[in-house]
Structures are given as C-alpha cells and as structure tokens.
Amino acid sequence: MSERLTVRLAYQRGWQVVDGSTIVDTFETKEDAFRCLVDRGGRLRLAWRRTIISGQSKPCDFSAEFQTDNAGRIMKEFHGPSAGRWFWFSGSSSGSVETKDEAVFGVERAYTRKVAGADLPR
C-alpha cells in the first residue's frame, strides 16, 4: 500500500502536504498539492465516519470526507455471491475487494487522483 498523507489549507500560504507533523511541501493550489501525492505514489488520508441514512447508522458502512467534500464510501456485502467482500466507490471509480483496508485504499487513491486530475489527458 502507498503512504497516506494529509493535505491542509495553510492560512495565507496555500496548501500543505503533511506527513504526521512534518510539512512535506507547500503549494499555491489544492490540485498541485494532490499532484504531489500522486507523484510520490501516495494518497490522501481522508476523514472516515459511519454512514448515516435516515438517522440510522448501518453496520460495516462508512463514508469518507475531505473538508466538506464527500469523497467516497465503502460497505461490506452480507448477502449473495459477493457476501463478505467490501464494495467501494469514489466518483466514477469503484471496486470490490477482500478487506476493509483494501476498500479504504481504493477510495483514497481514486479521490486523490480525481482531485489531482491525474487521469485526464494532458
């Protein structure tokens, strides 16, 4: 798996890429900061929480956010031929994997690449 880094708004300085408490670099735009993650082979550390639908949380269902953006979702399948697998999606990217950690990786990598514009033709 790749390294998980934080991107944060640096007051009047742009956007910072942070590894733990160490500032890796500072960029003018959020997209440039995300491109740094892609170039390093890394991914954004997203904020995860239980998914709430109609005031109820579902077991094995989690949503990811970056600041106020919905970044993606993971959920465990309980029925049918894919029972026990984890489904993930972020924007138009999705997948089905064996473990929760792999699903988190899928969402964080897909969201990082989307914001960085990594999959757009140049």
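All figures in this text were calculated on a predicted structure; none of them were measured in a lab.

A. Structural view of the overall build of the protein. Helix and strand counts for the protein come out as two helices and nine strands. Seen in sequence order, the protein has helices and strands lined up from the N terminus as β-β-β-α-β-β-β-β-β-β-α. The principal-axis extent of the C-alpha atoms belonging to the protein is close to 50 × 35 × 25 Å. Split into buried and exposed, the 122 residues of the protein put 39% on the buried side.

B. Expanded view of the pairing of strand E7 (residues 69–76). Pairing of strand E6 (residues 56–66) with E7 involves six bridges; the strand directions are antiparallel. The residue of E7 that forms the bridge with Ala-64 is Gly-72. Taking the residues that link successive antiparallel strands as the turn, the E6-E7 hairpin has two residues, and the phi of Gln-67 there is positive, at about 55°. Bridging between E7 and strand E8 (residues 86–90) involves four bridges; their strand directions are antiparallel. Of the residues in E8, the one forming a bridge with Met-75 is Phe-87.

C. Summary view of unusual backbone geometry. With a phi angle near 55°, Cys-60 is a residue other than glycine that sits in the positive phi range. Within the secondary structure layout, Cys-60 lies in strand E6. Relative accessible area serves as the criterion here: at 23%, Cys-60 is assigned to the partly exposed category. One non-glycine residue, Gln-67, adopts positive backbone phi at about 55°.

What counts as what
- Every chain begins its residue count from 1, and numbering advances along the sequence as written.
- In keeping with the predicted nature of the model, local features appear solely for residues at pLDDT of at least 70, side-chain atom pairs appear and are counted solely at 80 or more, and the whole-chain, interface and lining totals rest on all residues.
- To get the side-chain values, take all heavy atoms of the structure and skip hydrogens and water.
- The numbering of helices and of strands both runs from the N terminus, where a helix is a DSSP run of H or I of at least 4 residues and a strand a run of E of at least 2.
- The cut-offs for exposure are 20% and 50% of the maximum accessible area for each residue type, with area from a 1.4 Å probe on protein chains only; residues under the lower value are buried, those over the upper are exposed, and the others partly exposed.
- Strand pairing requires that DSSP identify at least two bridges connecting the strands.

Function cannot be read off these values alone, since they describe shape.
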